[in-house]
Amino acid sequence: MHYKVETASDTPIIFGESPLWDDRRQGLIFVDQLAKSVCFLDPLTREITKKRVICDDSIKQIQLAMPYASTTEKFLIGTSKGQLMEWKWHNEQDGSPAETLYTIPSHPAPFFCDGKCDSNGRFWGGTFSKDQNGDIIAGGGGLYRFQSNETDERYSIEEVGSSYDLSNGMAWNKENTKFYFVDFLPKKIYVFDFNATTGVIANRKTLFEFAGKTGLKGHPDGMVTDVDGNLWIACVMGGELIKIDVATGKQVTTIDIPATMTTSICFGGPQYDKLYVTTTSVDVDVANTPIKGQPDAGKIFSVSSEKDNSFKGFAHYFFQP
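Residues numbered from 1 in each chain as written. Predicted model: local features only at pLDDT ≥ 70, side-chain atom pairs only at ≥ 80, totals over all residues. Heavy atoms only, no water.

Trainee: Requested: an account of the layout of surface pockets, with residues and values cited.
Mentor: Roughly 560 Å³ of volume is contained in the largest pocket. The wall of the largest pocket is formed by 25 residues, among which Phe-15, Phe-128, Lys-130, Leu-166 and Val-284 lie closest to the centre. Along the lines of polarity and charge, the residues of the lining of the largest pocket split into 14 nonpolar, 7 polar and 4 charged. Lining the second largest pocket are 15 residues, with Trp-21, Pro-43, Leu-44, Lys-274 and Tyr-276 sitting closest to its centre. Contributions of two or more residues to the lining of the second largest pocket are made by β1 (4-7) and β23 (274-279). (1 Å grid on protein atoms, 1.4 Å probe; cavity = no way out; pocket = protein on both sides within 12 Å on 5 of 7 lines; lining within 4 Å. Points joined across faces, edges and corners; volume = space filled by probe spheres on them. Nonpolar A, V, L, I, M, F, W, Y, C, P; charged D, E, K, R; others polar. Helix = DSSP H or I, 4+ residues; strand = E, 2+ residues; numbered from the N terminus.)

Trainee: An account of the sheet that holds strand β18 (residues 219-225) is requested, with residue identities and associated values reported.
Mentor: A sheet is described by the order of its strands in space; here 4 strands give the open sequence β18-β19-β20-β21, paired in antiparallel fashion. At either end of the open sheet lies a strand with only one pairing partner, and these are β18 and β21 (250-256). Going from strand to strand, the sheet's axes swing by 25° on average, the running direction of each strand aside. Bridge count for β18 against strand β19 (residues 231-236) is 5 bridges, and the pairing is antiparallel. Each residue of the ladder has a partner; that of Thr-225, found in β19, is Leu-231. (Pairing = 2+ DSSP bridges. Axes fitted to C-alpha atoms, helices over the stretch in contact; angles between N-to-C directions.)

Trainee: Describe the environment of Thr-197, with residues and values.
Mentor: Structurally, Thr-197 can be placed in the loop between β16 (188-195) and β17 (200-209). Through-space distance from the C-alpha of Thr-197 to that of Asn-176 is 9.7 Å; in sequence the pair is 21 residues apart. Aside from chain neighbours lying at most four places away, what touches Thr-197 is Asn-120 and Arg-122. (Contact = heavy atoms within 4.5 Å.)

Trainee: Which residues make up the sheet that holds strand β7 (residues 74-79), and what are the values?
Mentor: With antiparallel pairing, 4 strands are arranged side by side in an open sheet as β6-β7-β8-β9. Two strands lie at the open edges of the sheet, namely β6 (62-67) and β9 (99-103), each paired on one side alone. If you compare each strand with its neighbour and ignore which way they point, the axes differ by 25° on average. For β6 and β7, the ladder comprises 5 bridges, and the chain directions are antiparallel.

Trainee: I'd like to hear about the packing of aromatic side chains, residue by residue, with values.
Mentor: Under the counting rule described, the total for this entry stands at 24 aromatic pairs. Seen in terms of ring centroids, Tyr-68 and Phe-319 are 5.2 Å apart; in terms of plane orientation they differ by 75°. Their pairing is edge-to-face. Separated by 251 residues along the polypeptide, Tyr-68 in the loop between β6 and β7 and Phe-319 in the segment after β26 (301-304) bring together distant segments of the chain. Here Tyr-68 matches Phe-319 in class, with each residue buried. (Phe/Tyr/Trp six-rings, centres within 6.5 Å; stacked < 30°, edge-to-face > 60°. Buried < 20%, exposed > 50% of the residue type's maximum accessible area, 1.4 Å probe, protein only.)

Trainee: So what about the pattern of salt bridges? Which residues, and what values?
Mentor: Within this structure, the stated rule accounts for 15 salt bridges. Ionic pairing is found between Asp-10 and Arg-46, a salt bridge with its closest N-O pair at 2.9 Å. Here Asp-10, found in the loop between β1 and β2 (16-22), pairs with Arg-46, found in the loop between β4 (37-42) and β5 (47-52); they are 36 residues apart in sequence, far enough to count as distant. According to the relative accessible area criterion, Asp-10 is partly exposed, its value standing at 44%. By relative accessible area, which is 26% here, Arg-46 ends up partly exposed. Across the pair Lys-299 and Asp-296 runs a salt bridge, and its minimum N-O distance is 3.0 Å. A residue is classified by how much of its surface remains accessible, and Lys-299, at 14% relative accessible area, is buried. (Salt bridge = Lys/Arg side-chain N within 4 Å of Asp/Glu carboxyl O.)

Trainee: Before we move on, can you summarise the environment of Lys-60 with the specific residues and values?
Mentor: Relative to the helices and strands, Lys-60 is located in the loop between β5 and β6. Distance from Lys-60 to Glu-6, taken between C-alpha atoms, is 31 Å for residues 54 residues apart in sequence. Residues contacting Lys-60, with those up to four places away along its chain left out, are Gln-33, Leu-34, Lys-36 and Ser-80. Separated by 3.3 Å, the side chain of Lys-60 and the backbone oxygen of Asp-57 make a polar contact. (Polar contact = N/O pair within 3.5 Å; in protein donor to acceptor, adjacent residues only side chain to side chain.)

Trainee: Can you tell me about the side chain of Ser-281, naming the residues and giving the values?
Mentor: By the secondary structure assignment, Ser-281 is in the loop between β23 and β24 (282-283). Judged by relative accessible area, which is 18%, Ser-281 ranks as buried. Separated by 2.7 Å, the side chain of Ser-281 and the backbone oxygen of Ile-13 make a polar contact. Sequence-distant contacts of Ser-281, that is, excluding residues within four places in its chain, are made with Ile-13, Ile-14, Thr-289, Pro-290, Ile-291, Ala-297 and Gly-298.

See below:
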């Protein structure tokens, strides 16, 4: 099967992550984590608009930005200090800081790593923790479900998974009956049964793991499902995307991307028939130094196919406060 890979932006950013297609804006929302910015890519002009999130200097990274379903102005921001914040697109101009909605009460404070919303607008966020030396704590990651409620409290949060090393990419199938989840360091992808009404996950099984797979590069990072239920995974530090047949748990396709740090992916475009890929222009293994020999590192890529009829996604769900 032939896939066309091309750049979708002209200007590289530092650390692209957390892409989502916003059909209201007809463009791609994502974050530049190290620049603490929410970004918007206009696919027609290839231009990226960046808005810095004003927050406490102790917050070193903005990990993700989830649009609100009710407006294009508001976003739920996940930070490197275990905070979920409400931020408005115009805050950079008026100098208003993001409002903290919830902070995970643990020490050391965990990093939010990735997050998405289910079909009922509940936010799911994965975390990991570092020790005082900056090393990731084995088993220190969790999976949280954050939602509005009808009590006196504005929001409620529940830890629905624990003892992961580095909670990362997540996705649901189109029927909202399965939930997929990455634990980054052991290089495993899990599948759960999912109840869309209650938001409960159950019956965890290992769908796919990198161990023992010849030629498979990097670590599993962001991921998305297509209309046929296949799972597409960005392999960061590997410069490739892989497709998993969820019925068999087998890898069936590999697409090479000319940038090693392929962090995350999502389907987008008016017909959801393009796969957008975020990358970084720095090497996390070498103290975030610029990547050499990859002129397109840090740009957004798009992947398309005229012959693969299943190479299409569906609309994303946004946060419903």
